[in-house]
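Structural description and commentary
The residues making up each chain are set out below.
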Amino acid sequence: LDSSGNTNGWKSEKIVSYDDRLNSEMIWLQYWTELHTPAEQQAYLAHLDNYAEEQKKLGRFERPVNNHTYNVMDWMRYNEVVVDEVRVLIGLGFLFFLVCLLSCVSILLTKVNGRRAELSLRRALGATRPQILLQNLAEVAVIGGIGGIFGLGLAQVGLSAIRSGISQAPPGMFQIDWFIVGLSMLIAVSASIIAGLYPAWQACLVAPATELKTQ
């Protein structure tokens with residue numbers, strides 16, 4: 001139940017006292033309803049429609065019945081809580097993420113070129129291409145995990161700064177969700193492995209004989 005926000009009505013009324021407000025057609029209360037299944041949602045919507053039809057017979061609600069139910073995300077979209085500028089920023093964030101992945105591919109390729117002698121020696125000593133591939137992927141996965149932990153640390157620092165700047169915020173309002181933590185770590189490791197696939201494959205293609213002859 002929420003009594004804050006705007007007061008709206010479908011006709012002009014003179015509101016002088018609290019009783020006038022209670023007996024008016026003004027909308028100044030908002031309710032959130034927890035509905036677990038689509039059947040409950042349909043039953044609740046039918047209840048609202050039936051109530052509105054009964055009130056129309058009594059002379060209220062002159063406009064056609066137009067009841068809707070929204071979940072939280074649909075309600076936010078309907079009320080345009082997320083403005084277009086935020087969507088643009090999200091798109092820019094994904095583009096920045098893509099640029100970072102491409103930069104990681106370039107750095108890893110440079111690393112592979114610098115380790116060609118080492119990789120050739122390992123191949124000459126009996127290491128197979130799958131073993132070389134797994135070694136390089138394991139390295140980038142560890143790097144991705146470390147990067148994810150570092151990013152979570154920065155996020156915690158940012159949340160602490162927000163808490164200190166908003167003294168009236170309710171307890172627990174700004175905190176890291178553990179599901180998001182796991183998802184972030186999964187994305188960090190997965191992105192690192194994806195970025196390391198091509199460099200790892202290039203490491204497998206190193207010709208041991210040619211490289212060792214040049215040493």
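Residues numbered from 1 in each chain as written. Predicted model: local features only at pLDDT ≥ 70, side-chain atom pairs only at ≥ 80, totals over all residues. Heavy atoms only, no water.

1. Looking at a nonpolar patch on the surface
On the surface, I90, F94, F97, F179, I180, L183, L186 and I187 cluster together to form a nonpolar patch covering roughly 800 Å² of accessible area. Those elements that provide at least two residues to the nonpolar patch are α4 (84-114) and α7 (178-204). Per element, the largest residue contribution to the nonpolar patch is 5 residues, and it comes from α7. Topologically, F179 is positioned in helix α7. Relative accessible area serves as the criterion here: at 59%, F179 is assigned to the exposed category. (Patch = residues over 30% accessible without salt bridge, like charges linked within 9 Å, V, L, I, M, F, W, Y side chains within 5 Å. Areas by Shrake-Rupley, 256 points an atom, 1.4 Å probe, with all protein chains shown as cover. Salt bridge = Lys/Arg side-chain N within 4 Å of Asp/Glu carboxyl O. Helix = DSSP H or I, 4+ residues; strand = E, 2+ residues; numbered from the N terminus. Buried < 20%, exposed > 50% of the residue type's maximum accessible area, 1.4 Å probe, protein only.)

2. Let's talk about the state of the cysteines
Counted according to the given criterion, the structure contains 0 disulfides. Left without a disulfide partner, C104 is nearest to the cysteine sulfur of C100, which lies 6.7 Å away. Looking at C104, the relative accessible area reads 36%, which means it is partly exposed. (Disulfide = S-S within 2.5 Å.)

3. Some words on the pattern of salt bridges
As enumerated under the stated definition, the model contains 4 salt bridges in all. With a closest N to O distance of 3.1 Å, R115 and E139 form a salt bridge. In this pair, R115 sits in the loop between α4 and α5 (116-124) while E139 sits in helix α6 (residues 129-165), placing the two residues 24 residues apart along the sequence. Under the relative-accessibility criterion, R115 is labelled buried at 13%. Judged by its relative accessible area of 23%, E139 is partly exposed.

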